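Read off the chains here:
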Amino acid sequence: MLDNLVKLREQFKQELEAVEIREELESIRIRFIGKKGLVTSELKNLKNLSGDMKKQAGKEVNILKNDIEQSIIAYQKIIADKEYLAEIEKSEKYDFTIPSRSNMGSLHPITIIQKEIEDIFKTMGFIVEDGLEVQTEYNNFEAVNIPSDHPAREMQDTYYLDNGQLLKTHTSAAQNAIMKKYGAPEPGKPLRVLFPGRCFRNENLDASHENTFFQLEGMMIGEDISISNLIYFMKVLLSEVFKTDVKVRLRPGFFPFVEPGFELDINCLICGGDGCSTCKHTGWLELLPCGMIHPNVLELGGINPDKYTGFAFGLGLTRLAMMKYEIKDIRLFNSGNLKQLKQFTI
Ligand code: DAH
């Protein structure tokens, strides 16, 4: 029997050395120390022996069985490591630069530019608010100094719901609610808010008119806010968006909710101000209506106009995106044409 054990040990050693995969190891385990395994049968055979012989053989069989178990455990670890390395090897062959086959979608150009402007303003202490798209007539018009008989309503015809509410014609519709939400600012802490949003107007569609478009409005209200603050913030905004130092000029402009109101122009970035077809040979592009918030509007928002002043601006986000990305037809934005819209993703 002892000879047999020596042979079994040798046989196990040879077979183990040839093992490559987990399954082979398992079958060796079963063949040697499984219920009906070679070593297990030797254990069973012990009962046929007697005396010292039985004692010695018993000891040897148990040592062999134990050695086999240990070797198998050690080999399991070796195989697991091998498998892991093989996995890594496989994944290294994967080329991460190959574009995905699935259609991943992309950010809309308006979203890209909106986020960019939000980031610029956030670094200057502005908070971003989300105005409702369905508004009351009061918020959209009366609260921004456009009473029902005001001619300004003519230019802002929109879609009315049966309940008398409407689809907002401009982001200014959120001014009143924002003023009421935040109230009068504490000394030295002017209220700074940005409120981008989708707006609607009854328009005849063409390359430069859409019934659905985006604006981005901002307000700063405090005890000493002046036109200088307005100009500073607008210059920072435009320089960051166009990644160059832009020249601006203010012209008087009429908007019922600001007094004085301005049209802020930038020097034409296409011709550098010399005059070209884009700027209609004036060297300037009209971009940003703005002004000092009308006292009536502050008052309706619950802010004392004798104590506080503020500026507001209403940036045509869709228009800005058209200029920045040189998009000639406004209808592209709502077209859902992924092939075209995807080009702007950075
Ligand atoms: N709400 C105006 C419009 O849609 C744009 C505007 C002009 C907003 C001047 C302002 C502003 O805040 O000060 O035509």
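Residues numbered from 1 in each chain as written. Predicted model: local features only at pLDDT ≥ 70, side-chain atom pairs only at ≥ 80, totals over all residues. Heavy atoms only, no water.

Visitor: I'd like to hear about the domain arrangement of the protein, residue by residue, with values.
Guide: Under the domain assignment, the protein is made up of domain 1 (2-90) and domain 2 (109-341). Placing the centre of domain 1 and that of domain 2 at their C-alpha centroids yields a distance of 81 Å. (Domains from an automatic or database assignment.)

Visitor: Before we move on, could you go through helix H8 (residues 175-182) and cite the residues and values that matter?
Guide: Within the sequence span of H8, burial applies to Gln 175, Asn 176, Ile 178 and Met 179. Along the axis of H8, the buried positions cluster into a sector of 165 degrees, meaning they face one direction only. As for H8, its buried residues are in contact with helix H6 (137-140), strand E4 (191-200), strand E5 (212-222), strand E8 (284-293), helix H10 (295-300) and strand E9 (309-316). Looking one or two places after H8, you find Gly 183, whose phi comes out positive at around 70 degrees. (Buried < 20%, exposed > 50% of the residue type's maximum accessible area, 1.4 Å probe, protein only. Helix = DSSP H or I, 4+ residues; strand = E, 2+ residues; numbered from the N terminus. Arc of directions from axis to C-beta. Contact = heavy atoms within 4.5 Å.)

Visitor: Give a description of the sheet that holds E8 that names residues and reports values.
Guide: Taken in spatial order, the seven strands of this open sheet run E1-E4-E5-E9-E8-E7-E6, and their pairing is mixed. If you trace the sheet from one side to the other, it starts and ends with strand E1 (127-128) and strand E6 (248-252), each paired once. The pairing of strand E7 (residues 258-267) with E8 spans eight bridges and is antiparallel. The residue bridging Gly 261 from the neighbouring strand is Gly 291, located in E8. On the sheet, helix H5 (residues 109-122) packs against E1, E4, E5 and E9 and is oriented at approximately 170 degrees with respect to E4. Contacting E5, E7, E8 and E9, helix H11 (residues 317-324) runs over the sheet at an angle of about 55 degrees to E9. (Pairing = 2+ DSSP bridges. Axes fitted to C-alpha atoms, helices over the stretch in contact; angles between N-to-C directions.)

Visitor: How would you explain the nonpolar core if you had to name every residue and give the values?
Guide: Among soluble globular proteins, nonpolar side chains are generally buried collectively. Ile 117, Phe 121, Met 234, Leu 237 and Phe 313 are the most contacted members of the largest nonpolar core, which has 48 residues in total. Elements with a contribution of two residues or more to this core: H5, E5, helix H9 (227-242), E7, E8, E9 and H11. Counting residues per element, this core draws most heavily on H9, at eight residues. Excluding residues that lie within four positions of it along the chain, Leu 237 makes contacts with Ile 117, Ile 120, Phe 121, Leu 288, Phe 313 and Leu 315. If you look at the next biggest cluster of nonpolar residues, it comprises 22 residues, including Ile 146, Leu 191, Ile 221 and Leu 298. (Core = buried A, V, L, I, M, F, W, Y, C linked by side-chain atoms within 4.5 Å.)

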